[in-house]
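# Tertiary structure, described
Below are the chains, spelled out letter by letter.
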Amino acid sequence: MTSLPPFDPNGYRKRVLAQVAKRGGPDHSDAFELYDLPLDGAADLPDAAVAVRIEDVWGFWQRQRDHPKYRTLVAQLVDEHDRRSAPLRSAADRRAEAERVRTTREQRDAGRYEILDTAISRLVERYGGVPAEKVPGLEEIGALGGLSAAEVAERLRRHRLLPDTAAPAPTPPVPSGLTAQRRAQISALLAEWSGLRDEFVPTLFALLGLGPADAHDVVEIRERADVLHGRARELPPGRLRAVLDELVVHVRDVLAAGGPLADAYARAVVEDVTEALRPKVRAAILIEDRLVGPDYEFLADEGVRLGIDRAVAEQVLADLAAEYGGGVGHAPPAPAPAQAHPTPAPPAPPNPVPAGGDRAWEAPLRAARAALRRGRPAEAARLAAQARDLDDGTAATQVRAVADEAQRVLDEAADLWREVVAARADRRYADAARVLAQLQRRAVDAPAPAGQPDLPTAIDEAQRALGGPAPAPVAPPPPVPATTPAPSARPAAPTAVTARQVDGAVLVTWASPHPAADYRVSRQQPDGAWKVVGRTRATELEDGGAPRRTVPTYAVIAVVDGVASDEARSSAAPRAEAAPPVPVTPAPARRAPSGPPAAPPNDFPAVTNVALAGGRLTFDWPPEITEVYIAARVAGPPRSPTDPTARSWKVTNTRYQIDGGAALPADLARPAHLAVAACRRGPDGTLVLAPDFAESAHLRLD
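Described below are features of the structure shown in this document. (Residues numbered from 1 in each chain as written. Predicted model: local features only at pLDDT ≥ 70, side-chain atom pairs only at ≥ 80, totals over all residues. Heavy atoms only, no water.)

### Re the pattern of salt bridges
Stated precisely, the cut-off is as follows: Salt bridges are defined as contacts in which a side-chain nitrogen from Lys or Arg sits within 4 Å of a carboxyl oxygen from Asp or Glu. Where helices and strands are cited, they refer to DSSP runs of H or I of at least four residues and of E of at least two residues respectively, numbered from the N terminus. Here the term buried applies to any residue with accessible area under 20% of the maximum for its type, exposed to any over 50%, and partly exposed to those in between, with areas from a 1.4 Å probe on protein chains only.
Tallying each qualifying case throughout the model produces 33 salt bridges. For arginine 310, the salt bridge goes to glutamate 314, with nearest N and O atoms at 3.0 Å. Of the two residues, arginine 310 and glutamate 314 both sit in helix α15 (residues 310-323), 4 residues apart, roughly one turn of that helix. Owing to a relative accessible area of 6%, arginine 310 belongs among the buried residues under this scheme. We classify glutamate 314 as partly exposed; its relative accessible area is 24%. Across the pair arginine 418 and aspartate 415 runs a salt bridge whose closest N-O atoms are separated by 2.0 Å. Of this pair, arginine 418 and aspartate 415 both sit in helix α18 (residues 396-425), 3 residues apart, which is roughly one turn of the helix. Here the salt bridges do not stand alone but share partners, grouping Asp27, Glu80, Arg83 and Arg84 into one network.

Structure, rendered in structure tokens:
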């Protein structure tokens, strides 16, 4: 009889839990791995010894239910323990299960080696062997499929290894003044904050709405840190407030002091992004020696998402490509390159799909990435399958990456739908509405489980149960024809592009006829060149890197299914002090211009003679005004009636007369700056505020 070694909890956590979590959960594992049993000789193990091992693993899972990294995984394992351990209880069942698992593992290994084998075969075809300088890149490609360096080396023994002719790249200097422990603490806190807020915040700069290029703007950093600290004080006690408090401490210690420490953190951000992009760049140019088209755009966007601006992201890509002996390009290749087939192609139909030839996979792959950005993973998976069918042997890595991402989002959506099912069964409609909102943002076309309503119906049901208005229904994803959905017609350009200063940044807004478009926003530089400052699916974008004293010109382009519109530009007006009134709606208020208060326009008369009498705020009501908006701010005068850093409330003339003035909140901190703005009701009953405060409408409370 074969004996089992003692159960090693620490080794199990590293060997099993970490790998299972990395692959996406227990559905990508098997009972022998989960219960730390050998596959070979499984039938020879004593049933009693196997039962002890199962209980040891079960007990370990129970002790890990509060583990910060694995608690979700072990909770699922605990719930499914009886089902997953059943095939291991008897020798006969273990023998049959071992045969099934062995076949499954062989198939999984074949899939894991697919990308690596494709890359190796292309290198052998091109060089007559595998160049030694390409081996690190192959190891990283193998890592994308879950292969270790030893498994990659074993695969490479089948091929001729060519000597290395390139000198190794110098090791970049380690930034001083910022310990690895502090960087790890900051990263962990940012990751937790992102999870709690359901919004990705990669760096301390991003937390402040800034970028690494603002490391020397100490005044702006300190102002925003004070605002952030004030917001933390307004949060109720709990983990969200605790995490934000700790992040504010790091902001003040690392960034607000300026100097070498802030510079070190800015360099560390760029280095972290560089390391995150390194394997993707290496995999992309390993074969073709050039990074162009959708690969370049995707990786540049990824750099911006990870916390650096577009110019730095482009420089990082250029440096990485040069490091691996390649180059970069900004535009995708022409649709009909002059290659070995000089015969001109006939005119393409209006909705062309490449039926073959070089890079025929590019259009569906680009459309798949666009679908992912729009929150349509099912559509992305179908398009990635089209790209895989059109692959000429050069796109396996890129197609696999997009297909895996689409599948990951679909798997997450399936987990979210399970939460919805449980919440609906228990009539916890608030929880259901929260999870459904995540599905609407991330995976609007993910299928609902059998017996459940579709997403729009489920959202409508939850809203009705909560007593609120149902949101506009989400249109189902359009049917995907057998041809690539890349419309030849250019979409309509955005309209009414405006740019105005908002709390040290510039808020760019526009209108668009497209309900599900991606928008690319560029800023005109002083030398006339254009710089992409961001991409968004909303109809506004805040540019924190804009010049402080002037409002530059911006250009906005709509991208629908991978096809870009003509650009629409903003006017270059220096300030937006006469901006139209901002409607007060249940949605978050749009921030108003910064700078000293300006006189309201003639149709919003000024509030005057603001004073404090008997603990109440008094002022002269303008003619025909029956409602006012009061804003209070501790750090300085409110910048506008909709200043997000101010505490605001509405007062009616009737309540003012009854109370003998406007009552102030009992917990209002002192000193405080108060300001009063007039407001009116629009034709539809919406409350409309004056765009700014009059000079006569301010008061400081000491």
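Now that the structure has been shown, we can carry on.
### Section: the packing of helix α16 (residues 362-373) against α18
Short version of the rule: Angles here are taken between N-to-C directions and fall from 0 to 180 degrees, while the axes themselves are lines fitted to C-alpha atoms, restricted in helices to the stretch in contact. Small angles under 35 degrees read as roughly parallel and large ones over 145 as roughly antiparallel, with 65 to 115 read as roughly perpendicular and the rest as oblique. In a left-handed crossing the near helix is turned counterclockwise from the far helix by less than a right angle, and in a right-handed crossing that turn is clockwise. Residues count as neighbours in contact if any of their non-hydrogen atoms are within 4.5 Å of one another. For this scheme, ten residues count as nonpolar: Ala, Val, Leu, Ile, Met, Phe, Trp, Tyr, Cys and Pro. Four count as charged, namely Asp, Glu, Lys and Arg, and the remainder, Gly too, count as polar.
Orientation of α16 relative to α18, taken along the N-to-C sense of each, is 25 degrees, at an axis distance of 11 Å. As the angle between them shows, α16 and α18 are arranged roughly parallel. As for how α16 packs across α18, the hand of that crossing is left-handed. In contact with Leu365, Ala368, Arg369 and Leu372 of α16, α18 contributes Gln398, Val399, Val402, Glu405, Ala406 and Val409. Grouping the amino acids of the contact of α16 with α18 by side-chain chemistry returns 7 nonpolar, 1 polar and 2 charged.

### Considering the sheet that holds strand β5 (residues 495-502)
Each strand in a sheet pairs with another by means of backbone hydrogen bonds, the pair being arranged parallel or else antiparallel. Note the following rule: Strand pairing is defined by DSSP finding a minimum of two bridges between the two strands.
One open sheet holds the 3 strands; their spatial order is β5-β6-β9, and the pairing between them is antiparallel. Whereas interior strands pair on both sides, the edge strands pair on one side only; in this sheet they are β5 and β9 (540-543). The mean inter-strand angle of the sheet, taken between neighbouring strand axes irrespective of direction, is 15 degrees. Sheet topology places strand β6 (residues 505-511) next to β9; 4 bridges connect them, and they run antiparallel. Residue valine 508 lies in a different strand from β9, and its bridge partner there is leucine 541.

### Digging into the packing of aromatic side chains
We count it as follows: By convention, a stacked pair of Phe, Tyr or Trp rings (six-membered ring in the case of Trp) has centres within 6.5 Å and planes under 30 degrees apart, an edge-to-face pair has planes over 60 apart, and any other such pair is tilted. Definition used: whenever NZ (Lys) or CZ (Arg) falls within 6 Å of the ring centre and also within 35 degrees of the ring normal, the charge is taken to sit over that ring.
Taken as a whole, this structure holds 9 aromatic pairs when the rule is applied. Consider the rings of phenylalanine 205 and tyrosine 265, whose centres lie 5.5 Å apart with planes at 40 degrees: the pair is tilted. Of the two residues, phenylalanine 205 sits in helix α10 (residues 204-207) while tyrosine 265 sits in helix α13 (residues 259-285), which places them 60 residues apart along the sequence. On the accessibility criterion, phenylalanine 205 (0% relative accessible area) is buried. For tyrosine 265, a relative accessible area of 6% puts it in the buried group. Here a set of aromatic residues connected by ring pairs shows up, and it is made of Phe7, Tyr12 and Phe60. Sitting over the ring of phenylalanine 200, arginine 305 keeps its end group 4.6 Å from the ring centre.

### A closer look at the environment of alanine 48
One can find alanine 48 in helix α3 (residues 47-63). With a relative accessible area of 56%, alanine 48 lands in the exposed category. Spatially, the C-alpha atoms of alanine 48 and arginine 89 are 8.8 Å apart, while their sequence positions differ by 41 residues.

### Some points on the packing of helix α9 (residues 180-197) against helix α12 (residues 239-256)
Where α9 contacts α12, the axes come no closer than 10 Å and their chain directions differ by 140 degrees. The angle between the axes of α9 and α12 places the two elements in the oblique class. For the pair α9 and α12, the crossing hand works out as left-handed. Residues Arg182, Gln185, Ile186, Leu189, Leu190, Glu192, Trp193, Leu196 and Arg197 of α9 form the contact with α12, whose participating residues are Arg239, Leu240, Val243, Leu244, Glu246, Leu247, His250, Asp253 and Val254. Grouping the constituent residues of the contact of α9 with α12 by class yields 10 nonpolar, 2 polar and 6 charged.

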